[in-house]
Amino acid sequence: MALRSARELAGQLAEGTVTSVDLTRHYLGRIAATEPKLNAFVTVMEEEALRAAAKSDERRAAGKTLSPLDGVPVAVKDNMITEGVRTTCGSRILENFVPPYIGTAVRKLQEAGLVIVGKTNMDEFAMGSSTENSAFGRAANPWDLERVPGGSSGGSAVAVAAGQVPIALGSDTGGSIRQPASLCGIVGMKPTYGRVSRYGLVAYASSLDQIGPMTLSVEDAALLLGAVAGHDPKDSTSADVPVPDYAAALGNFDWKGKRVARPKEFFAGEGLDPEVERVAGETLEKLAGLGAEIVDVSMPNVKYSISTYYLLGTAEASSNLARFDGAQYGFRAEGTDNIIDMFSRTRGQGFGQEVKRRIMMGTHALSAGYYDAYYLQALKVRTLVKRDYDRALEQADLVIAPTSPFPAFPAGSRMDDPLAMYLCDIFTISLNMAGYCGISLPAGFTNGGLPVGMQLMAGAFQEEKLLSAAWRLEQALGVVGSRTPEIAEAAV
Ligand code: GLN
């Protein structure tokens, strides 16, 4: 039996067989029952959620629903600003930060009538690939509690995979939606840079950050993206491009005669787990069976993407995180006798180890004398990576790759080795540098029963094509809904 998708819940709400209050109580109950094992949430918004659900039911009774998802529960990553509800970014430095305003994506969820049930656990300031770098403890993978869920949007991935909520939002700077989606057996999509407003998304690396859906099915991803996408005057990098009805367009794609690029750099190499390689091969066979033509391409510059990302990302982070100094909000160290001391002790005590490492790397990369050698060079390489995508997409309609080189790994196994952790994103980071869109969908399982995801990628603002292609592939694979982690069975 499969978990219920947002589409199914919306149908039940429309038929009147459940109310939003029923659903919200159900998911809050699931959260209460499973959180001791999963730790997917930093804050559960029980009261606010029940209030919002009651309002949704009133609207429905009056025939005034706001959107197809009105009344459906949702969770949001804890780096999205929520007015009146603390927003921690997984960090001690924001442990008690209650924002006085609301971010655009969250506001749009509310305007579409969705019921926000809580803020999900994450790697501190979205830096990490395992949701172990959280000041609020690690989140556990529902398929094997001793393993990581991936990160940094691990809490959102766990919450959806374990039936704590039907859908959630995450953010993806170098893979943080797609990689945890892959490791938890759900769908995760990074939209084109600029597709979803970043206003009220706490900035990590502003030129790469993007909010996107984490869901049980491609159809739910289409619905949730449709709810949050669009131009926002409050984010100058948000694009003024119309938002199509993604969900209505899902049936419009036929793989017959379409070309899909298989970059050799993403399908080989020492780091690739043989079982991931097997699932990748099976997925390509399915695509060929649907009539797609597999085109072999080379993307020679993607091998520089990890090193480039750790220059650009840390440089941007060092500047973005300068604002957390204890002066105006958040944590402030006690017992300091002057302001410089206060800044440095606040930051010393408030930030975790990985965040400090990145602030130092970024500050170094931007410092006079090194700026040209590191930051400027990295910007040039970023352009080369983007050109690799442009060339591949000239030859094909979409690009395919495994999402992660390996399935979920044991908790603790990469924490002492930052480079090993950074390599988790070897197949996802380059897409952020190009700014294009990509989706990870469940494509199979290892022999040990761990989920394996595959990623489709497309050019700027090609979400409609990307989602409809993924939807067809999802149908052909038949993996979505085929298995449920044991801990989620009570939620079915
Ligand atoms: N895992 C990558 C990092 O540690 C990407 C994180 C992200 O996408 N937010 O930075």
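These numbers come from a predicted model, not from an experiment.

**Q** Would you explain the sheet that holds strand β1 (residues 41-44) in this entry?
**A** Sheets are built from strands that pair by backbone hydrogen bonding, the pairs being arranged parallel or antiparallel. The strand order across the open sheet built from 11 strands is β1-β3-β2-β4-β6-β5-β10-β11-β9-β7-β8, with neighbouring strands paired in mixed fashion. Each of the sheet's edge strands pairs with one partner strand only, and the pair in question is β1 and β8 (293-297). Adjacent strand axes in the sheet meet at a mean angle of 25° when their direction is disregarded. Here strand β5 (residues 187-190) runs beside strand β6 (residues 211-215); their pairing, made up of two bridges, is antiparallel. In the strand pairing of β6, Val187 is matched with Thr215.

**Q** Would you mind going over the site of the ligand with me for this structure?
**A** Close contacts around the ligand come from 15 residues, with Gly174, Ser176, Tyr309, Arg358 and Asp425 the closest. At a separation of 2.8 Å, an oxygen atom of the ligand approaches a polar backbone atom of Gly128. Between an oxygen atom of the ligand and a main-chain N or O atom of Gly174, the distance comes to 2.6 Å. Coverage of the ligand by the protein amounts to 100% of the 290 Å² it exposes when considered alone. With respect to the pocket detection grid, the ligand is positioned in the largest cavity.

**Q** Is there a simple way to think about the pattern of salt bridges in this case?
**A** Side chains that differ in sign of charge can pair as their charged atoms come close. Within this structure, the stated rule accounts for 17 salt bridges. In this structure, Glu354 and Arg358 form a salt bridge, with 2.7 Å as the shortest nitrogen-oxygen distance. Of this pair, Glu354 and Arg358 are both found in helix α11 (residues 353-366), four residues apart, which corresponds to roughly one turn of the helix. Assessed through its relative accessible area of 2%, Arg358 is described here as buried. Between Lys386 and Asp390 there is a salt bridge, with the nearest N and O atoms lying 3.6 Å from each other. Note that Lys386 and Asp390 are positioned in helix α12 (residues 372-395) at a spacing of four residues, about one turn of the helix.

Cut-offs applied
- Residues numbered from 1 in each chain as written.
- Predicted model: local features only at pLDDT ≥ 70, side-chain atom pairs only at ≥ 80, totals over all residues.
- Heavy atoms only, no water.
- Pairing = 2+ DSSP bridges.
- Helix = DSSP H or I, 4+ residues; strand = E, 2+ residues; numbered from the N terminus.
- Axes fitted to C-alpha atoms, helices over the stretch in contact; angles between N-to-C directions.
- Near = heavy atom within 4 Å.
- Polar contact = N/O pair within 3.5 Å; in protein donor to acceptor, adjacent residues only side chain to side chain.
- Areas by Shrake-Rupley, 256 points an atom, 1.4 Å probe, with all protein chains shown as cover.
- 1 Å grid on protein atoms, 1.4 Å probe; cavity = no way out; pocket = protein on both sides within 12 Å on 5 of 7 lines; lining within 4 Å.
- Sits in = over half its atoms within 2 Å of the grid points.
- Salt bridge = Lys/Arg side-chain N within 4 Å of Asp/Glu carboxyl O.
- Buried < 20%, exposed > 50% of the residue type's maximum accessible area, 1.4 Å probe, protein only.

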